[in-house]
Amino acid sequence: MSSPQISPELERNLQALVVREARLLDEQRLDEWEALFAEDGRYWLPASLGAKDPLREAAHLYDDRMLRRVHIERLRSAHAHSQQPQGRCHHLLQTPEVLEASPTEDRFRLRTSFIYTELRAGRTISLPGVAHHHLSRSADGFLIVLKRVDLLHAAEPLPAVEFYI
Amino acid sequence: MNTVSIPGDLVRADQVHRDLYLSPEVFALERRRLFRRAWLFVGHDSQIANPGEFMTCELAGEPVLMLRREDASIAVLHNRCAHKGAPLVSAPSGQIARVLRCPYHGWTYSTDGRLSGMPLREGYEGTSFTQSAAARGLTSWGEVVVHRGFVFARAESDGKEFRHSMGELIEALDLIADRSPVGRLRLAGGVLRTEFRANWKIYMENINDSVHPVTTHASATLSARAVWGTPPEGTVTPLAMRQLLPFGSGYTFFEKMGGRVLPGGHSILGTHQSLHTSYSALGDYGEALRRAHGEARAAEVLAFSPQNVVFYPTMALKGAPQVMRVLRPLAHDRTVVEAWAFQPEGAPDALLESALLYNRQVFSPLSLVAHDDLHLFERIQRSLAAGPNPWVSLHREARGADGAAPRDVGGVDEVLLRNQYAAWAALMSERVTDAAGQAA
């Protein structure tokens, strides 16, 4: 992929997907959120800086569709003690920047700086980081092939975090 | 703490006092006694493979560095310059350049801790410096023993040697290390660390608590079952599901899993079966093990698949997947737990991938399984203070006095916890040296 020379309209459409993705998480519309991923799309939260291999390096999450569905199902479970009372999350995003576009304009990578805040049982945690969205164009619009979240605190001890960042 | 004394009144045969978890004074005394008298896991020698490599951590509240010396042996030194007390290294891990050099005034030490140089040396001539403690250089935190790459240290000796204190844990370590055809494990892939606001003993108990999964982990197991559903016959169950679904096992399973209590608070849970029993996908790996260790030993190694081997007070291992948890107690109500993965050398990478997947699913601070545990630990730390009953019950199957360890027990017998607290009381008790003011 090369550095992008794409139309302002395409840029806006790509950015809109990243913004919508964060909003669906914050509004806990998790089925709609999950549907933004491609069939083989992955969510990756490395536990080190500069991680290269999600399978052979420690990661906080590396979820395929099946595991995302289990996570979502769990958050709704009446047995999820840690969701009593129910928590909430908030993504504060900077403008997503299109870093790469394939020549055929069907693969893209966007970089978005963010602060993730989670409120649970009266306790607030705040985690800054950078999200990398690898998107592909499909018949139904853009889909997430990989969302990689690099936390500033990736390699630090973290408190329990309930939601997808 | 006004009405009870430490530790005598806090541990009874079948219940323990809540001050064990809630009291900063008890934690301070644990640092002066328990964590200095037990063999503490420090790190694995594969973290410092080459001379001059180090890692830092705290033991009993003291900053130490674990260092590979020039002669390849391993030192656990106070991370404190003998001059003015500055830390010699501040990074979690790294490599020193030939000597340890204090960043403050430039005193240097060889890898055996000897003071090898300082600026303005002539200024010490004619002083009593050579008779001072500073002249002795870096002091060792305590005795150090390395077994199969696992580095343990103890600040205060009770006169008994390592093998005596560890007992059957030595055989357990050998069985786990022999999962490598060349008999060597390597820590690989990095660590997952979670900080939680609860006492370390709540976590340590939980490692031996086979009754909680049915209720605590219902959210994870029911969700996994709901998503997995009933796939058509012949569908291969992915490893992620094979790791998750067994958490939904019932009380009968856990009762039959069996345990073995060992002296010193140590234990093995899952001597007959465990949630990990069905993992081993063998093929070429099984063949390699048989070639390396012989038929009988290979079978023994692969059959050893306990739920947890507890190295009291701060470490626990699983044989399959090869993962390790280390507790780093920070305060009476604050603990970091580390989850590490092992690559058995000479074994397929799939074993490391399986260990890392397990840690993501079960021990990550964002994992499916750990959330409910951590939430409950942090809530217990607060709710335990409530009410007129200060006691935590450990009565299950406590009919009469517990027999002497080592012995085989049922998988849900709370002797697995009573055994930890018997060791706690012994390690916390006053010793002759305490009265003399040397140790306490």
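Residues numbered from 1 in each chain as written. Chains lettered and ligands numbered in written order. Predicted model: local features only at pLDDT ≥ 70, side-chain atom pairs only at ≥ 80, totals over all residues. Heavy atoms only, no water.

(A) Seen up close, the overall build of chain A. Looking only at helices and strands, chain A has three helices and seven strands in total. Each helix (α) and strand (β) of chain A, taken in turn from the N terminus, gives the series α-α-β-β-α-β-β-β-β-β. Here the C-alpha atoms of chain A give a radius of gyration of 16 Å, agreeing with the 15 Å that 2.2 N^0.38 yields for 165 residues. Counting all 165 residues of chain A, 52% fall into the buried class. Contacts spanning at least 24 positions in sequence make up 60% of the contacts within chain A whose residues lie at least 6 apart. In the form shown here, chain A has an accessible surface area of approximately 7600 Å², with 50% of it arising from carbon and sulfur atoms. Each charge class in chain A can be summarised by its mean position, and for the 21 positive and 24 negative side chains these summaries are 2 Å apart. (Helix = DSSP H or I, 4+ residues; strand = E, 2+ residues; numbered from the N terminus. Rg over C-alpha atoms; globule rule 2.2 N^0.38 Å. Buried < 20%, exposed > 50% of the residue type's maximum accessible area, 1.4 Å probe, protein only. Contact = heavy atoms within 4.5 Å. Areas by Shrake-Rupley, 256 points an atom, 1.4 Å probe, with all protein chains shown as cover. Lys, Arg positive; Asp, Glu negative; His and termini not counted. Charge placed at Lys NZ, Arg CZ, Asp CG, Glu CD.)

(B) The arrangement of the packing of aromatic side chains in detail. Scanning all chains against the criterion turns up 22 aromatic pairs over all chains. Residues Trp-39 of chain B and Phe-162 of chain B carry aromatic rings whose centres are separated by 5.1 Å and whose planes lie at 85 degrees to one another, so their mutual orientation is edge-to-face. Of this pair, Trp-39 of chain B sits in the loop between helix H3 (34-37) and strand S2 (40-44) while Phe-162 of chain B sits in helix H4 (residues 162-166), placing them 123 residues apart in sequence. Of the two residues, Trp-39 of chain B and Phe-162 of chain B, neither departs from the other in class, the shared state being buried. When the centroid spacing of 6.1 Å and the interplanar angle of 55 degrees are considered together, the rings of Phe-196 of chain B and Phe-377 of chain B count as tilted. Residue Phe-196 of chain B is found in strand S13 (residues 192-196), and its partner Phe-377 of chain B is found in helix H14 (residues 370-383); the two are separated by 181 residues along the sequence. No difference in accessibility class separates Phe-196 of chain B from Phe-377 of chain B, as the two residues are buried. An aromatic cluster of three or more residues is present, and its members are Trp-39, Phe-41, Phe-150, Phe-152, Phe-162, Phe-311 and Phe-342 of chain B. Note that Arg-68 of chain A overlies the ring of Phe-37 of chain A, its terminal NZ or CZ placed 4.0 Å from the centroid. For Lys-201 of chain B, the ring lying beneath its charged end belongs to Tyr-21 of chain B, and the centroid distance is 5.8 Å. (Phe/Tyr/Trp six-rings, centres within 6.5 Å; stacked < 30°, edge-to-face > 60°. Lys NZ or Arg CZ within 6 Å of the ring centre and 35° of its normal.)

(C) Local environment of the pairing of strand S5 (residues 74-78) of chain B. Residues and elements named next belong to chain B. Counting buried residues in S5 gives five out of five residues, a clear majority hidden from the surface. Sheet topology note: the strand S4 (residues 62-68)/S5 ladder contains five bridges and is antiparallel. Its bridge partner lying in S5, Met-66 is registered against Val-76. Between S4 and S5, which pair antiparallel one after the other, the connecting turn spans five residues, and Ala-72 there sits at a positive phi close to 75 degrees. (Pairing = 2+ DSSP bridges.)

(D) Structural detail: the interface of chain B and chain A. Taken together, the contact between chain B and chain A spans 42 residues of the former and 37 residues of the latter. Around 3200 Å² of area is buried between chain B and chain A when both sides are counted, 60% of it from carbon and sulfur atoms. Joining chain B to chain A, the criterion identifies four salt bridges. Notably, a salt bridge pairs Asp-349 of chain B with Arg-56 of chain A, separated by 2.8 Å at the nearest N-O pair. For the pair chain B and chain A, the interface holds 20 residue pairs in polar contact (both at pLDDT 80 or more). In terms of residues, the side of chain B that touches chain A owes the most to one element, helix H8 (residues 218-228) of chain B, which gives nine residues. (Buried area = accessible area lost by both parts, 1.4 Å probe. Salt bridge = Lys/Arg side-chain N within 4 Å of Asp/Glu carboxyl O. Polar contact = N/O pair within 3.5 Å; in protein donor to acceptor, adjacent residues only side chain to side chain.)

(E) Structural context of helix H3 (residues 65-76) of chain A. Residues and elements named next belong to chain A. Here H3 spans 17 Å end to end across twelve residues, near enough to the 16 Å set by a 1.5 Å rise per residue. Counting buried positions over the twelve residues of H3 gives nine, a clear majority of the element. Every buried residue of H3 is accounted for by Arg-65, Met-66, Leu-67, Arg-68, Val-70, His-71, Ile-72, Arg-74 and Leu-75. (Expected span 1.5 Å × (residues − 1).)

(F) Looking closely at empty space enclosed by the protein. Residues and elements named next belong to chain B. Taken as a whole and assessed by the stated rule, the structure comprises eight cavities of 30 Å³ or more. Here the largest cavity is characterised by a volume of approximately 280 Å³. Asn-206, His-212, Phe-247, Arg-325 and Asp-373 are the residues nearest the centre of the largest cavity, which is lined by 26 residues in total. Among the elements of the structure, helix H6 (200-207), helix H10 (251-257), helix H13 (349-362) and H14 are those that each provide at least two residues to the lining of the largest cavity. Residues that form the lining of the largest cavity fall into these classes: 15 nonpolar, seven polar and four charged. (1 Å grid on protein atoms, 1.4 Å probe; cavity = no way out; pocket = protein on both sides within 12 Å on 5 of 7 lines; lining within 4 Å. Points joined across faces, edges and corners; volume = space filled by probe spheres on them. Nonpolar A, V, L, I, M, F, W, Y, C, P; charged D, E, K, R; others polar.)

(G) Here's a closer look at the layout of surface pockets. Residues and elements named next belong to chain B. The calculated volume of the largest pocket comes to roughly 1100 Å³. Along its surface, the largest pocket is lined by 42 residues, and Thr-56, Cys-57, Pro-92, Arg-193 and Glu-338 are the ones closest to its centre. Counted as a void, the second largest pocket has a volume near 650 Å³. In terms of lining residues, the second largest pocket is bounded by 32 residues, among which Pro-263, Gly-264, Gly-265, Ala-423 and Ala-426 are the most central. Of all the secondary-structure elements, those providing two or more residues to the lining of the second largest pocket are H4 and helix H15 (415-428). The leading source of residues in the lining of the second largest pocket is H15, at eight residues. Within the lining of the second largest pocket, the residues separate by chemical class into 17 nonpolar, seven polar and eight charged.

(H) Structural context of H15 of chain B. For H15 of chain B, spanning 14 residues, the distance from its first C-alpha to its last is 19 Å, which sits close to the expected 20 Å at 1.5 Å a residue. Those residues of H15 of chain B lying buried are Val-415, Leu-416, Leu-417, Arg-418, Asn-419, Gln-420, Tyr-421, Ala-423, Trp-424, Leu-427 and Met-428 of chain B.

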